Amino acid sequence: MASEEILVFTTIGDRDMAEEHISEMLEQGIIISGTIFPEVELVYLWEGKITVDTENKILFKAKADKYEAIEAYIMKHHPYMAPEIIRMDVSFGSPAYKAFVADKIKKNS
């Protein structure tokens, strides 16, 4: 059985833009919350050289049925041509936390 809850990861270079995107998605009711992991380092190969950049990792918590809206929002508003969008189906852990999330979803619906 598929989970009703998801986590969606993306990255963005600008911290203020990350906060703006989270706020707008909360106002639209497509996420439960967003977490910004500031200044994470990304290490990758670019044109044969190891490159290190910094960006902000964003974690969204949401209902699974909101995934398409989250992806559409990111694709429309993200400055990268091909932004990272990773979806993970989850069951948010402890029964107390799961009840808390269910209550937040109910109040925001």
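Residues numbered from 1 in each chain as written. Predicted model: local features only at pLDDT ≥ 70, side-chain atom pairs only at ≥ 80, totals over all residues. Heavy atoms only, no water.

Naming follows an unreviewed UniProt entry, where the protein appears as Divalent-cation tolerance protein CutA of Leptospira bouyouniensis. The UniProt entry for the protein carries the following comment under Sequence similarities (unreviewed entry): "Belongs to the CutA family." (UniProt positions renumbered as here; feature names shortened; annotations may be inferred.)

Novice: Hey, could you go over the packing of helix α1 (residues 15-28) against helix α2 (residues 67-77) for me, with residue numbers and the actual values?
Specialist: Put simply, α1 and α2 touch, their axes get as near as 12 Å, and they point 140° apart. The orientation of α1 with respect to α2, classified from their angle, is oblique. For the pair α1 and α2, the crossing hand works out as right-handed. Residues E20, H21, E24, M25 and Q28 of α1 form the contact with α2, whose participating residues are I70, Y73 and H77. Here the residues of the contact of α1 with α2 are counted per class, giving three nonpolar, three polar and two charged. (Axes fitted to C-alpha atoms, helices over the stretch in contact; angles between N-to-C directions. Helix = DSSP H or I, 4+ residues; strand = E, 2+ residues; numbered from the N terminus. Parallel < 35°, antiparallel > 145°, perpendicular 65-115°, else oblique. Left-handed = near helix turned anticlockwise from the far one by under 90°. Contact = heavy atoms within 4.5 Å. Nonpolar A, V, L, I, M, F, W, Y, C, P; charged D, E, K, R; others polar.)

Novice: I'd like a rundown of the sheet that holds strand β3 (residues 49-63), residues and numbers included.
Specialist: The strand order β2-β3-β1-β4 describes an open sheet built from four strands, whose pairing is antiparallel. Among the strands making up the open sheet, the edge pair consists of β2 (33-46) and β4 (86-90). Averaged over all pairs of adjacent strands, the angle between strand axes in this sheet comes to 30°, irrespective of strand direction. Sitting on the sheet, α1 touches β1 (5-12), β2 and β3, and the angle it makes with β2 is about 135°. In the packing of α2 onto the sheet, the strands contacted are β1, β3 and β4, and the crossing angle to β1 comes to about 5°. (Pairing = 2+ DSSP bridges.)

Novice: Kindly report on α2, identifying the contributing residues and their values.
Specialist: Every buried residue of α2 is accounted for by Y67, I70, Y73 and I74. Along the axis of α2, the buried positions cluster into a sector of 130°, meaning they face one direction only. Projecting away from the buried face of α2 at angles above 90 degrees are the exposed residues E68 and K76. Structurally, α2 contributes buried residues whose contacts are with β1, α1, β3 and β4. (Buried < 20%, exposed > 50% of the residue type's maximum accessible area, 1.4 Å probe, protein only. Arc of directions from axis to C-beta.)

Novice: If you had to explain the side chain of E55 to someone new, which residues and values would you point to?
Specialist: Its place among the elements puts E55 in strand β3. Despite its burial, E55 pairs with no opposite charge; the closest candidate is K57, at 5.8 Å N-O. Ignoring any residue separated from it by four or fewer positions in sequence, one finds E55 in contact with T11, I12, G13, F37, P38, E39, V40, L42 and Y80. (Lys, Arg positive; Asp, Glu negative; His and termini not counted. Salt bridge = Lys/Arg side-chain N within 4 Å of Asp/Glu carboxyl O.)

Novice: Requested: an account of the pattern of salt bridges, with residues and values cited.
Specialist: Evaluation of the coordinates by the stated rule reveals four salt bridges. A salt bridge links E4 to K63, with the shortest nitrogen-to-oxygen separation between them at 3.3 Å. Within this pair, whereas E4 is found in the segment before β1, its partner K63 is found in strand β3, the two being separated by 59 residues in sequence.

Novice: Residues and numbers for the environment of V52, please.
Specialist: Relative to the elements of secondary structure, V52 occurs in strand β3. Classification of V52 as partly exposed rests on a relative accessible area of 48%. Between the C-alpha atom of V52 and that of E5, which follows or precedes it by 47 residues, the distance is 33 Å. Residues contacting V52, with those up to four places away along its chain left out, are E41, L42 and V43.

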